[in-house]
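Descriptive analysis of the structure
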Amino acid sequence: MSGRLLLIGGTGFLGSFVATRLASRELLVLVRPTSDRRVLPPHVEVRVGELSRPLPLEGVETLVYCASMGFGQVPALVQQLDSAGVRRAIFVSTTAIYTSLPAPSRAVRLQAEEAVQTSSLNWTIVRPTMIYGTRRDRNISRLLRFLHRWPVFPQCGNALWQPVHVEDVADAIVSLLGTPATYRRAYNLPGARPLRFADLVRTAARAVGRRVLLVPVPLAAATLGARLTRAVSEEQMRRLAEDKAFPFTEASADFGYSPRCFEEGARAEARLLGLAP
Ligand SMILES: NC(=O)c1ccc[n+]([C@@H]2O[C@H](COP(=O)([O-])OP(=O)(O)OC[C@H]3O[C@@H](n4cnc5c(N)ncnc54)[C@H](OP(=O)(O)O)[C@@H]3O)[C@@H](O)[C@H]2O)c1
């Protein structure tokens with residue numbers, strides 16, 4: 001790969017893992033004035049900017065986009081990339097686009113994907129499932145801490161989940177960067193195998209050396225609880241009951257994607273959080 005590589009979202013949870021892996025290349029990271037630069041590898045070059053304004057794209061040949069595609073800025077960004085002569089671009093979307101629920105962000109994400117797919121870029125779109133790993137995740141780290149402390153957990157439905165470890169997503173992005181077979185293609189990036197919600201919670205409990213009693217909660221009650229407490233959105237609560245299992249045959253064939261299973265990832269995270277038995 002020649003030319004500069006611009007990473008957008010490099011100070012985010014996933015983006016910081018991508019930044020670490022790309023630090024030895026000609027890397028530039030877009031930061032906002034308010035971004036926490038301490039999460040970036042030392043000595044990495046930054047450009048200050050903001051997605052809602054024209055971006056500093058001089059000398060950039062490749063883009064890795066790890067910010068959300070759900071905020072409406074992607075179509076304008078794609079136009080900027082085309083006019084600036086950027087050739088290669090990786091976009092991180094989400095398997096949430098497959099939801100059958102009327103989620104408000106879905107239409108924006110689909111428009112963003114369409115703008116990318118109809119551009120003249122050598123694009124690749126990746127769609128991770130729920131990403132976990134390290135204390136920076138906003139899901140499994142909380143679950144592990146909770147289960148370490150409490151022996152009871154609410155169970156709302158028993159849908160399929162297939163969370164993916166952040167390092168597997170970051171490794172996938174780096175592998176496909178220089179792989180022409182991935183040009184103009186979109187890939188799901190889930191964990192190794194789907195597991196039922198109850199198995200996911202029990203696996204997480206084992207990782208922190210605990211047993212857990214699952215207490216069934218009807219979806220209607222959980223949705224009402226979400227509305228009253230605002231702890232999670234009603235959309236997130238309804239998504240709980242939806243199966244979230246995805247194949248990744250094409251990713252394996254085209255760039256050797258081989259993610260870890262949840263048991264292994266949860267054990268590693270428990271060790272990292274100091275919660276392992
Ligand atoms: N986390 C998950 O479970 C999950 C699951 C599936 C897909 N994804 C997708 O994976 C990607 C990364 O997720 P994440 O959890 O790592 O996100 P994150 O931690 O929220 O990070 C978002 C990044 O985008 C930057 N950003 C946000 N708005 C910006 C703007 N207007 N201009 C410039 N930069 C901006 C943030 O900068 P600051 O540091 O300045 O805030 C940060 O670096 C997203 O596309 C997300 O939809 C995430």
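Before reading further, recall that the structure is shown in the block above.
What counts as what
Residues numbered from 1 in each chain as written. Predicted model: local features only at pLDDT ≥ 70, side-chain atom pairs only at ≥ 80, totals over all residues. Heavy atoms only, no water. Helix = DSSP H or I, 4+ residues; strand = E, 2+ residues; numbered from the N terminus. Buried < 20%, exposed > 50% of the residue type's maximum accessible area, 1.4 Å probe, protein only. Lys, Arg positive; Asp, Glu negative; His and termini not counted. Salt bridge = Lys/Arg side-chain N within 4 Å of Asp/Glu carboxyl O. Contact = heavy atoms within 4.5 Å. Near = heavy atom within 4 Å. Polar contact = N/O pair within 3.5 Å; in protein donor to acceptor, adjacent residues only side chain to side chain. Nonpolar A, V, L, I, M, F, W, Y, C, P; charged D, E, K, R; others polar. Pairing = 2+ DSSP bridges. Axes fitted to C-alpha atoms, helices over the stretch in contact; angles between N-to-C directions.

Digging into the side chain of R88
- With respect to the helices and strands, the residue R88 is situated in strand β5 (residues 88-92).
- No salt bridge is formed by the buried R88. Its closest oppositely charged neighbour is E61, at 9.4 Å.
- Those residues in contact with R88 that lie beyond four places of it in its chain are E61, T62, L63, N122, W123, T124, L176, L177, T179, T182 and Y183.

Comments concerning the site of the ligand
- Taken together, 23 residues are adjacent to the ligand, and T11, L14, S35, A67 and R138 come closest.
- T11 has a polar side-chain atom sitting 2.6 Å from an oxygen atom of the ligand.
- Of the residues contributing to the shell around the ligand, the split by class is nine nonpolar, ten polar and four charged.

Concerning the pattern of salt bridges
- Summed over the entire model, instances satisfying the criterion amount to 16 salt bridges.
- R4 serves as the salt-bridge partner of E26, at 3.5 Å between the closest nitrogen and oxygen. Of the two residues, E26 sits in the loop between α1 (13-22) and β2 (27-31) while R4 sits in strand β1 (residues 4-8), which places them 22 residues apart along the sequence.
- Overall, E26 belongs to the partly exposed group, its relative accessible area being 49%.
- A relative accessible area of 19% places R4 in the buried class.
- Ionic pairing is found between R38 and D36, a salt bridge with its closest N-O pair at 2.9 Å.
- We classify R38 as exposed; its relative accessible area is 73%.

Side note on unusual backbone geometry
- In this structure, H43 is a non-glycine residue whose phi angle is positive, near 70°.
- Looking at where H43 falls in the secondary structure, it is placed in the loop between β2 and β3 (45-48).
- Notably, R184 is not glycine yet its phi reads approximately 60°, a positive angle.
- When you line up the elements, R184 lands in the loop between α5 (166-177) and β11 (185-189).
- Among the residues examined, R184 registers a relative accessible area of 40% and is labelled partly exposed.

Quick word on the sheet that holds β1
- One open sheet holds the seven strands; their spatial order is β3-β2-β1-β4-β5-β6-β11, and the pairing between them is parallel. Bordering the open sheet on either side are β3 and β11, each of which pairs with just one other strand. Shown here is a sheet whose adjacent strand axes are inclined to one another by a mean of 20°, direction ignored.
- Sheet analysis places β1 next to β2, joined by four bridges and oriented parallel. When the bridges of β2 are listed, L6 appears paired with L28.
- Across the sheet, α1 touches β1, β2, β4 (60-65) and β5, and the angle it forms with β1 is around 160°.

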